[in-house]
Amino acid sequence: MADEAKRASEILRALRESFALPKWALSNEAMDPFKALVLTVISQNTSDRNAERAFESLSKKFAITPDSLSKADAADVEEALKVAGLQRVKAKTLKLTSLAILERFNGSLDFIYSLPLEEARKALMRLPGVGPKTADVVLLFCAKKQTFPVDTHVNRVSKRLGLAPRDVSYEGVRKSLQESFEPRDYLSAHLLLISLGRAYCKARRPSCSSCLVKSLCPSAGDDIKGR
Ligand code: SF4
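This structure is a prediction, so every number in the text was calculated from the model and none was measured. (Residues numbered from 1 in each chain as written. Predicted model: local features only at pLDDT ≥ 70, side-chain atom pairs only at ≥ 80, totals over all residues. Heavy atoms only, no water.)

A.B. asks: Help me get a handle on the packing of aromatic side chains, residues and values and all.
C.D. replies: For the structure shown, the criterion picks out four aromatic pairs. Through a chain of ring-to-ring contacts, the aromatic side chains of Phe148, Phe181 and Tyr186 assemble into a single cluster. (Phe/Tyr/Trp six-rings, centres within 6.5 Å; stacked < 30°, edge-to-face > 60°.)

Spelled out as structure tokens, the structure:
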């Protein structure tokens with residue numbers, strides 16, 4: 001375990017030297033939890049660029065608040081989300097979630113700051129369309145709670161790097177990564193593993209020969225296409 005934590009820390013150091021973190025991650029500015037939730041729902045099964053474009057388009061039409069989105073016309077929300085795909089499902093999720101936040105939490109997600117992590121996580125995951133990844137993103141990004149969101153890049157890259165077993169699902173990867181990294185590094189590690197996944201450790205053709213952590217990776221050079 002000590003060796004694994006040391007390797008994780010070396011991986012993190014190498015990633016920090018090569019990739020920049022976004023300004024918001026370096027500042028103490030807190031992200032609005034409802035906006036983070038909306039962006040995470042929109043980003044499902046699409047690129048970051050298209051998710052951002054859809055979020056901008058939605059922001060131009062509506063205030064990004066539970067009250068405004070719960071009252072918004074579904075067809076208008078769908079139109080705004082078109083560029084990110086799955087607009088019908090995502091619009092329905094956003095409207096239902098907004099309504100639930102109004103009914104259960106008086107229109108505010110501020111409970112994430114005061115409730116203990118697991119209680120806040122369970123409350124978020126009871127909202128329509130909110131799974132563990134969305135809940136963990138909101139809790140880590142907005143309330144700096146000690147949880148490690150696992151998206152598709154983090155899942156793939158951490159398994160190839162041997163930071164999580166290959167045969168575990170979301171909770172298993174989350175637990176392994178939380179044990180590998182220091183809690184103060186969860187946000188950086190999450191963002192930097194995503195950067196590694198996009199730049200080198202791609203799903204279909206990982207660029208192992210030029211990868212900046214190849215000397216720390218047990219899968220380097222393996223025939224790992226698609227794994
Ligand atoms: S060496 Fe290859 S498998 Fe390992 S992290 Fe880099 S790209 Fe991914």
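A.B. asks: Requested: an account of the side chain of lysine 145, with residues and values cited.
C.D. replies: Looking at the secondary structure, you find lysine 145 in the loop between α10 (132–143) and α11 (152–160). Of the side chains bearing the opposite charge, glutamate 119 lies closest to the buried lysine 145, which forms no salt bridge; the N-O distance is 9.7 Å. Beyond its immediate sequence surroundings of up to four residues, lysine 145 is in contact with Ile112, Tyr113, Leu115, Leu117, Leu139 and Leu140. (Helix = DSSP H or I, 4+ residues; strand = E, 2+ residues; numbered from the N terminus. Buried < 20%, exposed > 50% of the residue type's maximum accessible area, 1.4 Å probe, protein only. Lys, Arg positive; Asp, Glu negative; His and termini not counted. Salt bridge = Lys/Arg side-chain N within 4 Å of Asp/Glu carboxyl O. Contact = heavy atoms within 4.5 Å.)

A.B. asks: How would you summarise the environment of cysteine 211 if you had to cite specific residues and measurements?
C.D. replies: Tracing the sequence through the fold places cysteine 211 in the segment after α13 (186–199). Using a relative accessible area of 13% as the deciding quantity, one classes cysteine 211 as buried. Taking the C-alpha atoms as reference, cysteine 211 lies 31 Å from alanine 36; in sequence the two are 175 residues apart. Contacts of cysteine 211, omitting those with residues within four sequence positions, involve Leu196 and Tyr200.

A.B. asks: Go over the confidence of the model for the chain, please, and point to the residues and values.
C.D. replies: On average, residues of the chain score 93 in pLDDT, and 97% of them are at 70 or above. Interface predicted TM-score (ipTM) for the complex: 0.99; the corresponding pTM is 0.91. (pLDDT = per-residue confidence, 0-100.)

A.B. asks: Could you give me a rundown of unusual backbone geometry, with the residues and numbers involved?
C.D. replies: The backbone of asparagine 45 shows a phi angle near 55 degrees, a positive value even though the residue is not glycine. Tracing the sequence through the fold places asparagine 45 in the loop between α3 (33–42) and α4 (48–61). Classification of asparagine 45 by relative accessible area gives exposed; the value is 70%. Phi angles above zero are rare outside glycine, and lysine 144 is one such case at about 50 degrees.

A.B. asks: Talk me through the packing of helix α1 (residues 2–18) against α13; I want residue IDs and the actual numbers.
C.D. replies: Between α1 and α13, the least distance of the axes is 10 Å, while the angle of their chain directions is 70 degrees. For the element pair α1 / α13, the angle class is roughly perpendicular. Considering the relative orientation of α1 and α13, their crossing is left-handed. Along its contact with α1, which presents Leu12, Leu15 and Arg16, the element α13 presents Ser188, Ala189, Leu192, Leu193 and Leu196. (Axes fitted to C-alpha atoms, helices over the stretch in contact; angles between N-to-C directions. Parallel < 35°, antiparallel > 145°, perpendicular 65-115°, else oblique. Left-handed = near helix turned anticlockwise from the far one by under 90°.)

A.B. asks: Outline α4, listing residues and values.
C.D. replies: Note that an α-helix has 3.6 residues per turn; residues three or four places apart therefore point the same way. The terminal C-alpha atoms of α4 lie 20 Å apart, and with 14 residues this matches the ideal 20 Å at 1.5 Å per residue to within 8%. Within α4 the residues assigned to the buried category are Ala51, Ala54, Phe55 and Leu58. For α4, the arc enclosing every buried residue in end-on projection is 100 degrees, short of the 170-degree limit, so these residues lie on one face. Residues of α4 that are buried in the fold lie against α3, α5 (66–71), α6 (74–81) and α7 (87–105). (Expected span 1.5 Å × (residues − 1). Arc of directions from axis to C-beta.)

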